[in-house]
Amino acid sequence: VQLVESGGGLVQPGGSLRLSCAGSGFTFSTYGMNWYRQAPGKGRELVATITSTGGSTVYAESMKGRFTISRDNVKSTVYLQMNSLKPEDTAVYYCNAVVRFRSYWGQGTQVTVSS
């Protein structure tokens, strides 16, 4: 199983970014996918979850209305659209999948929100 994130970077407060995570080595379309983040000096927190079909999503409270998780099972890719970004959204964002009861992580992509 391999998860590869991309799309992070530096953005001003109020700006937007779209993160991507390409999955391989497993049947992507049959597994739910998650985005987590870890800010400096803090623990890793769940950002959003999407079911295998994309029919259901769940967000952490602080991300509701600003972030959107989606997926393209043809491309084996999950996305995180982030709008109205705040400095407190600065973190390393990780893609996660639990495949056959084992948790897999990408390498992470840095998102920095600063003026």
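See the structure printed just above.
Residues numbered from 1 in each chain as written. Predicted model: local features only at pLDDT ≥ 70, side-chain atom pairs only at ≥ 80, totals over all residues. Heavy atoms only, no water.

**Here we look at the packing of aromatic side chains**
Tallied over the full model, the rule gives four aromatic pairs. Ring geometry for F26 and F28: centres 5.9 Å apart, planes at 50°, overall tilted. With relative accessibility at 12%, the residue F26 sits in the buried group. In textbook terms, an aromatic cluster arises when at least three aromatic residues are bridged by ring pairs, as seen for F26, F28 and Y31. Looking at R44, its charged tip hangs above the ring of Y94, at a distance of 3.8 Å from the centre. (Phe/Tyr/Trp six-rings, centres within 6.5 Å; stacked < 30°, edge-to-face > 60°. Buried < 20%, exposed > 50% of the residue type's maximum accessible area, 1.4 Å probe, protein only. Lys NZ or Arg CZ within 6 Å of the ring centre and 35° of its normal.)

**Side note on the pattern of salt bridges**
The full count for this structure, using the stated rule, is four salt bridges. Here D89 ties to R37 by a salt bridge, and the two come within 2.8 Å at their closest N and O atoms. Remark: R37 occurs in strand β4 (residues 33-38) and D89 occurs in the loop between β8 (77-82) and β9 (91-99); sequence separation between them is 52 residues. The class of R37 is buried, set by a relative accessible area of 7%. As a salt-bridge pair, K64 and E61 come within 3.1 Å of each other at their nearest N and O atoms. Among the residues examined, K64 registers a relative accessible area of 46% and is labelled partly exposed. (Salt bridge = Lys/Arg side-chain N within 4 Å of Asp/Glu carboxyl O. Helix = DSSP H or I, 4+ residues; strand = E, 2+ residues; numbered from the N terminus.)

**Digging into unusual backbone geometry**
One non-glycine residue, R100, adopts positive backbone phi at about 50°. Position of R100 among the secondary structure elements: in the loop between β9 and β10 (102-105). You can call R100 exposed: its relative accessible area is 58%. For F101, which is not a glycine, the phi torsion comes out positive at approximately 70°. Its place among the elements puts F101 in the loop between β9 and β10. Note on F101: relative accessible area 86%, which makes it exposed.

**Considerations on the environment of S24**
Within the element layout of this structure, S24 appears in strand β3 (residues 17-24). For S24, a relative accessible area of 33% gives the class partly exposed. Along the chain, S24 and S76 lie 52 residues apart, while their C-alpha atoms are 7.2 Å from each other. Setting aside residues no more than four positions away along its own chain, S24 makes contact with V1 and Q2. (Contact = heavy atoms within 4.5 Å.)

**What to know about the pairing of strand β11 (residues 109-113)**
Across the two faces of β11 the burial differs, with T109, V111 and V113 buried and Q110 and T112 not buried at all. In this sheet, β11 lies alongside strand β2 (residues 9-11) in parallel orientation, the contact comprising three bridges. Each residue of the ladder has a partner; that of G9, found in β11, is V111. Inspection of the sheet shows β9 paired to β11 by three bridges, in the antiparallel sense. Each residue of the ladder has a partner; that of Y93, found in β11, is T109. (Pairing = 2+ DSSP bridges.)

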